[in-house]
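# Coordinate inspection notes
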Amino acid sequence: MDIAYNTVIKRLVASEELWELEVVEKDIYSCPDCYVPLAPASYLRTNKKRPYFRYLKPHKIDCAYSENSSLIKTAQSKSISNKDGFPFPYPSKLIFENKNNQEAINNDTDVPRANRSKKKSNEYGSGKTNHHRTVSTIKNIVRHYVCFPNDRHVGLTVPYVSSEQTTYNSIFKNIWGGVLYSTNHIFFSKIYWTSPEITEEHISIRLTAGEWEDGKQTKPCKLRININSLSSRQRALVLRELKTTKLEAMKNKASVNGYIFFLGKQDKNDRFLFHTDSHKLISCLTVLKSAKI
Ligand SMILES: [Zn+2]
């Protein structure tokens, strides 16, 4: 599984978050739906495979995350929401774990800043938050978007997007080269596999979005990640996620594409350039070519 409920910080976490931890605790993760214990796996620097959560006991019989669950299969062809909404806990709220975050945004409205967290683990959350739906990176939100193509009308709260955008459908935007976007979104594009440009200030990633002529890309869109406020470990994480996705994409070339999703904005002066500034606001993963995206 690539999602788990962290019983200490009381929110959903993505398996890639294990990369960032100095010490990985083994007995604090459980299934978000049926609560069977999950063990972190493949999170060491020496592991080439992406981290995941391994279940230690079988999921309960009606758990949505059970490999026997028909929900995910059904969800590919039709909506599985019912009159009460989505049938199991899903990531519906992105929070930044820093109370000064809004201040940072007010001082610099360029891009969201999610990486300034200094909170201790026992300070997360508030009584008003449904912890089983709260995440602090976009990774599980992105997976949910990909896995449930017919349920993108469900509610999603993301800071720094327009207050009118309250669903998965309205927050996600597939980038088309040359189009002007006036507000922040979770943008996405296939990755054009060249080496990222790395400077002291930025990591720049070429996207397949952009202008094409006779099968050749004449004007690429680029994502520029401002890494000024990232630690060297966090910078390495961005590159690691990119590299892991590239390996996965190359291995299954016939069936998948490598994508990057990011919460960010378009440059005011260059509509082919996009900005973001944190590893928490980025998700690189492969998506089946047959998937509706
Ligand atoms: Zn379960």
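From a predicted model like this one, the values you see are computed outputs, not experimental measurements.

## Description of the overall build of the chain
When you go through the chain residue by residue, the secondary structure sums to 5 helices and 15 strands. Looking at the 293 residues of the chain, the share that counts as buried comes to 37%. When contacts within the chain are restricted to residue pairs at least 6 apart in sequence, those whose partners lie at least 24 apart make up 60%.

## Description of helix 5 (residues 232–251)
Residues spaced three or four apart along an α-helix face the same direction, because each turn holds 3.6 residues. Across its 20 residues, helix 5 extends 28 Å between first and last C-alpha, which sits within 8% of the 28 Å expected from 1.5 Å per residue. Buried residues of helix 5: Val238, Glu241, Leu242, Thr244, Thr245 and Ala249, and no others. Buried residues of helix 5 fall within an arc of 160° about the axis and therefore sit on the same side. Of the residues in helix 5, the exposed ones pointing more than 90 degrees away from the buried face are Ser232, Arg233, Met250 and Lys251. Lining the buried residues of helix 5 we find strand 11 (202–213), strand 12 (216–226), strand 13 (256–266) and strand 15 (282–288).

## Here's the deal with the nonpolar core
The biggest cluster of nonpolar side chains holds 53 residues, and the ones touching the most others in it are Ile138, Ile186, Phe188, Ile260, Phe261 and Phe262. In terms of residue count, the dominant contributor to this core is strand 13 (5 residues). Counting residues domain by domain, this core receives three or more from each of domain 1 (3–147) and domain 2 (172–288). With sequence-adjacent residues up to four places away left out, phenylalanine 261 is seen in contact with Ile138, Val142, Ile186, Phe188 and Ser283.

## A look at the environment of asparagine 252
Tracing the chain through its elements places asparagine 252 in the loop between helix 5 and strand 13. Asparagine 252 gets classed as partly exposed once you count the C-beta atoms within 10 Å, which come to 14. Distance in space between the C-alpha atoms of asparagine 252 and leucine 288 is 9.4 Å, their sequence separation being 36 residues.

## Observations concerning the pairing of strand 14 (residues 273–276)
Both strand 12 and strand 14 contribute to a ladder of 4 bridges, which runs parallel. Residue pairing in the sheet places arginine 224 in a bridge with histidine 275 of strand 14. One ladder, built from 2 bridges, connects strand 13 with strand 14; its direction is antiparallel. Residue pairing for strand 14: glutamine 266 is matched across the bridge by phenylalanine 274. Hairpin connection of strand 13 to strand 14: 6 residues between the antiparallel strands.

## Concerning the sheet that holds strand 5 (residues 52–55)
Reading across from one edge, 2-1-3-4-5 is the order of the 5 strands in this open sheet, with antiparallel pairing throughout. The sheet terminates laterally at strand 2 (11–14) and strand 5, the two strands that pair on one side only. Sheet analysis places strand 1 (residues 3–6) next to strand 2, joined by 4 bridges and oriented antiparallel. Its bridge partner being in strand 2, alanine 4 is matched across the sheet by valine 13.

## Details of the confidence of the model for the chain
The share of residues in the chain with pLDDT of 70 or more is 88%, and the mean pLDDT across the chain is 87. Between residues 99–129, whose pLDDT stays under 50, and residues either more than four places distant or in other chains, the model counts 54 contacts.

## A few points about the environment of glutamate 16
Its place among the elements puts glutamate 16 in the loop between strand 2 and strand 3 (29–30). We classify glutamate 16 as buried; it has 24 C-beta atoms within 10 Å. Taking the C-alpha atoms as reference points, glutamate 16 and lysine 280, 264 residues apart in sequence, are found 9.9 Å from one another.

## Comments concerning helix 3 (residues 139–147)
Counted residue by residue, helix 3 has 7 buried out of 9 residues, so it is predominantly covered. Among the residues of helix 3, those classed as buried are Lys139, Asn140, Ile141, Val142, Arg143, His144 and Tyr145.

## Comments concerning the pairing of strand 1
Hairpin connection from strand 1 to strand 2: 4 residues lie between these consecutive antiparallel strands, with lysine 10 at a positive phi of about 55°. Judged from the 2 bridges that link them, strand 1 and strand 3 form a sheet pairing that is antiparallel. Residue tyrosine 5 lies in a different strand from strand 3, and its bridge partner there is serine 30.

## Considerations on unusual backbone geometry
One non-glycine residue, lysine 10, adopts positive backbone phi at about 55°. Take lysine 10: it is sitting in the loop between strand 1 and strand 2. The phi dihedral of serine 42 falls on the positive side, at around 55°, and the residue is not glycine. Here serine 42 is to be found in the loop between strand 4 (37–41) and strand 5. Serine 42 gets classed as partly exposed once you count the C-beta atoms within 10 Å, which come to 16.

Parameters and conventions
- Residues numbered from 1 in each chain as written.
- Predicted model: local features only at pLDDT ≥ 70, side-chain atom pairs only at ≥ 80, totals over all residues.
- Helix = DSSP H or I, 4+ residues; strand = E, 2+ residues; numbered from the N terminus.
- Buried ≥ 20, exposed ≤ 12 C-beta atoms within 10 Å, placed from the backbone.
- Contact = placed C-beta atoms within 7 Å.
- Expected span 1.5 Å × (residues − 1).
- Arc of directions from axis to C-beta.
- Core = buried A, V, L, I, M, F, W, Y, C linked by C-beta atoms within 7 Å.
- Domains from an automatic or database assignment.
- Pairing = 2+ DSSP bridges.
- pLDDT = per-residue confidence, 0-100.

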